[in-house]
Amino acid sequence: MLAGNYNKSLNRFCIGMSILTGGLLTAGALVTSNDAGLSIPDWPLAYNSLVPPFVGGIRYEFTHRVIAGIVATLTVVLAAWLYRVESRGWVRTFGYIAMCTVIAQAVLGGMTVIFRQPVPVSVAHACVAQIFFCSLISLSLFTSQWWQEDVTAISDTGSPKLRALAVWTAAATFFQLVLGAAFRHGGSGIGPHLVGAAVVTGMVFWTAGSLRNRFPSSAPFKVCRIVLHSLIGMQLILGGAAWWSRIITKNAPQPMPIMVYLTVAHVVFGALTLAGTVVVALVSYRLLTASLSRAVASSRAQEAM
Amino acid sequence: MKLRNSGYIMVAAALAIALVSCGKKEETTETPAATMAPSGQPVDAATAGSITGTIKLEGTPPAPGKISMAAEAYCAKEHPTPVPAEDVVVGPGGTLANAVVYISDDMSKYAVTVPSAPAVIDQKGCMYHPHVVAMVAGQQLQITNSDATTHNIHPLPKDNQEWNVSQPPGSAPMMKVWGRPEEAIAVKCNVHPWMKSYMFAFKNNFFAVTGADGKFTIGNVPPGTYTITVWQEKYGNKTASVTVPAKGAATADVSFSAASGD
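Quick look at the structure, then. Note that the coordinates shown come from a computational prediction; the quantities given were computed from them, not determined experimentally. By convention here, each chain's residues receive numbers from 1 onward along its written sequence. Each chain is given a letter, starting from A, and each ligand a number, starting from 1, according to the order in which they appear as written. Reporting in this predicted model follows two pLDDT cut-offs: at least 70 for local features of residues, and 80 or more for side-chain atom pairs to be given and counted; totals over whole chains, interfaces and linings ignore these cut-offs and use all residues. In computing side-chain properties, one takes all heavy atoms of the structure into account and sets aside hydrogens as well as water.

1. Some points on the overall build of chain B
- The helix and strand inventory of chain B stands at 2 helices and 19 strands.
- When burial is assessed residue by residue, chain B has 47% of its 262 residues classed as buried.
- Sequence-distant contacts in chain B: of pairs separated by 6 or more residues, those separated by 24 or more amount to 65%.
- With the model as given, the accessible surface of chain B reaches about 12,200 Å², and the carbon-plus-sulfur share is 56%. Where helices and strands are cited, they refer to DSSP runs of H or I of at least four residues and of E of at least two residues respectively, numbered from the N terminus. Throughout, exposure labels follow a simple rule: accessible area from a 1.4 Å probe, protein chains only, divided by the maximum for the residue type, with under 20% read as buried, over 50% as exposed, and the rest as partly exposed. The contact criterion used is simple: two residues touch if any of their non-hydrogen atoms lie within 4.5 Å. The Shrake-Rupley method, run with a 1.4 Å probe sphere, supplies the accessible areas, and residue values consider only the shown protein chains as cover.

Have a look at this one:
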């Protein structure tokens, strides 16, 4: 039985938006790594026209702006769609929040150009991008058939509670992305980002280990822990490779392609890792009861109905 | 009610965008700053001497980085093979081009002559020419684009106003002024990220940039003992002491160690 009103087209639209936003993140990372953020010195127009000369770094910046414009427009469409068909008020609200986030992101993008990349604005632009990406991933999950089906609640008797652990892991991963953005935009050294990497790796392994030890027979949690292990493993390799590429190209005229591609891949997998931890947190809230007594109460209430 | 809330959100967003669009920093053309000393005493031409010398690199010069311009068709056509980077340009005998030499003592008692001719930097072959430009603060800077492609010129000063201006092919030369003295202002082109240059705006006239042969001359220097500073993009600063005789030429040869750039 469906608790909500599953709409296949809406869910596919959310998934498509998530993929497109992944492309937008990649385009944004390419702009930063190619130092092309100010190749178009004006905003919202480009060289006082709608289409600038498509040369050099302008290609990266303009492509980023075009994809951003498409994503922003489609996010407004998504919010309107949710308003029309979604019966769950909190999901509609989530759609509005996503819309506000993308608008804030556009404003931050404009500010980076107009104020010539002040570090706090550039870091905020990078971080709000991650929040927006996660909001679309979350909407994809909320509008899925699986989320809206009845599920058998599972009790979590371990400590700390997996819900809390998953939320803290997602929060630590987001903070790590903030540190990464600060390093990338010249706001800090690499030290805090390396410490953050160690903390996030530990928390992800702790969460994944808890999933395996406490819920060995749960298929959704099995998928969650495989995803977490894969993402953090890949991200650690890419982080090391990105750092190595900076060292070996230190004296070369920048930006060198190897540094660009490895760093962009590291940024994109950082976003995917954050999305993975957010999904695990949401799934744990969906499947796990807050406490055993509440589970029993919920079960009794259902029986009474 | 829901519609009304959505409307508020959209209006707020539109206002925010409008605010950012209108909040653009004023691009000010800086006037020569008060740090200039037009009322200082002129250098006595009857006793003035000069400082000459050669800047060299000792040891094995680093292999120059290779700039590939394959990313843009026009630039790649201008340079079909990779171009050597200009951070260290070594000539025969280890001479160093593009080093800036200046008297770093307080020379504020002497009048500053702001040249009427502008300092010039050209964007040609998707490179900056010259790689290092030195001028007097308040002197006009003329920026030209000789290429058939768009460039943007984006200096990153710390004491002066930052600007970022595009220059399409065929544009008229652009004039700018550094109002405040500042050393080693990094300049980049965000369209072609390999394009890098440095600008210096001095508060007096006692400076020079080495040519391809590593030689420099600072003329019209009052007699006395001075500390000169030599700046090189990769190797940083080095100082030396020099005594300028009346109506004579002092020599100051300075060498950097190639190992110090590692």
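Back to the write-up after that little detour.
2. Some thoughts on the environment of His151 of chain B
All names here are of chain B.
- Residue placement: His151 occurs in strand S9 (residues 151-156).
- On the accessibility criterion, His151 (0% relative accessible area) is buried.
- Considering only alpha carbons, one finds His151 and Ser166, 15 residues apart in sequence, at a separation of 5.7 Å.
- Contacts of His151, omitting those with residues within four sequence positions, involve Gln123, Cys126, Asn145, Val165, Ser166, Gln167, Cys189, Val191, His192 and Met195.
- Within 3.5 Å is the distance limit for a polar contact, defined as a pair of N or O atoms, with the added protein rule that one can donate a hydrogen and the other accept it, and that residues adjacent in sequence qualify only through two side-chain atoms. Only 3.0 Å separates the side chain of His151 from the side chain of His192, close enough to count as a polar contact.

3. Overview of the sheet that holds strand S8 (residues 140-145) of chain B
All names here are of chain B.
- Whether two strands pair depends on DSSP finding at least two bridges between them. Pairing is mixed across the open sheet formed by 4 strands, whose spatial order is S6-S5-S8-S11. Each edge of the open sheet is held by one strand with a lone partner, namely strand S6 (127-129) and strand S11 (174-177). On average, each strand axis in the sheet is tilted by 25° relative to the strand beside it, whichever way the strands run. Structural elements are reduced to axes, namely lines fitted to C-alpha atoms, with helices fitted over the stretch in contact, and the angle between N-to-C directions of any two is expressed from 0 to 180 degrees.

4. Thoughts on the pattern of salt bridges
- The term salt bridge refers to a side-chain nitrogen of Lys or Arg lying within 4 Å of a carboxyl oxygen of Asp or Glu. This structure, assessed with the given rule, holds 5 salt bridges over all chains.
- Close ionic contact of Lys188 of chain B with Asp35 of chain A constitutes a salt bridge, the shortest N to O distance being 2.9 Å. A residue pair is termed interchain when its members come from two chains, as with Lys188 of chain B in strand S12 (residues 182-188) and Asp35 of chain A in the loop between helix H1 (8-33) and helix H2 (56-85).
- You can call Asp35 of chain A partly exposed: its relative accessible area is 24%.
- For Glu61 of chain A, the salt bridge identified is with Arg65 of chain A, shortest N-O distance 2.9 Å. Here Glu61 of chain A and its partner Arg65 of chain A are both found in helix H2, 4 residues apart, which amounts to about one turn of the helix.
- Residue classification places Arg65 of chain A among the buried residues on the basis of a relative accessible area of 15%.

5. A few points about a nonpolar patch on the surface
Residues and elements named next belong to chain A.
- Only residues above 30% relative accessible area that lack a salt bridge enter a patch, with like-charged residues linked at up to 9 Å and the nonpolar side chains Val, Leu, Ile, Met, Phe, Trp and Tyr linked at up to 5 Å. A surface patch of nonpolar side chains, about 490 Å² in accessible area, is lined by Trp243, Trp244, Ile247, Ile248 and Ile258.
- Looking at which element gives the most residues to the nonpolar patch, the answer is helix H8 (residues 219-248), with 4 residues.
- Along the chain, Ile248 falls in helix H8.
- For Ile248, a relative accessible area of 46% puts it in the partly exposed group.

6. A short note on the packing of helix H7 (residues 191-214) of chain A against H8 of chain A
Residue and element names in this part refer to chain A.
- Orientation of H7 relative to H8, taken along the N-to-C sense of each, is 160°, at an axis distance of 9 Å. The angle between H7 and H8 places the two elements in the roughly antiparallel class. Where H7 crosses over H8, the two elements pack in a sense that is left-handed. Packed against H7, whose contacting residues are Val200, Thr201, Val204, Phe205, Thr207, Ala208, Leu211 and Arg212, the element H8 presents Phe221, Cys224, Arg225, Leu228, His229, Ile232 and Leu236 at the interface. Our angle categories are set so that under 35 degrees counts as roughly parallel, over 145 as roughly antiparallel, 65 to 115 as roughly perpendicular, and the remainder as oblique. Left-handed describes a crossing in which the near helix is turned anticlockwise from the far one by less than a right angle; the clockwise case is right-handed.

7. Focus on the pairing of strand S1 (residues 49-58) of chain B
Residues and elements named next belong to chain B.
- For S1, the tally of buried residues reaches 7 of 10 residues, placing the bulk of the element in the interior.
- Strand direction decides the pairing type here: S1 and strand S18 (residues 249-251), joined by 3 bridges, are parallel. Bridge pairing links Ile51 to Ala250 in S18.
- As defined by bridge partners, S1 adjoins strand S19 (residues 254-257) across 4 bridges and the pair is classed as parallel. Bridging from a neighbouring strand, Glu58 pairs with Ser257 of S19.

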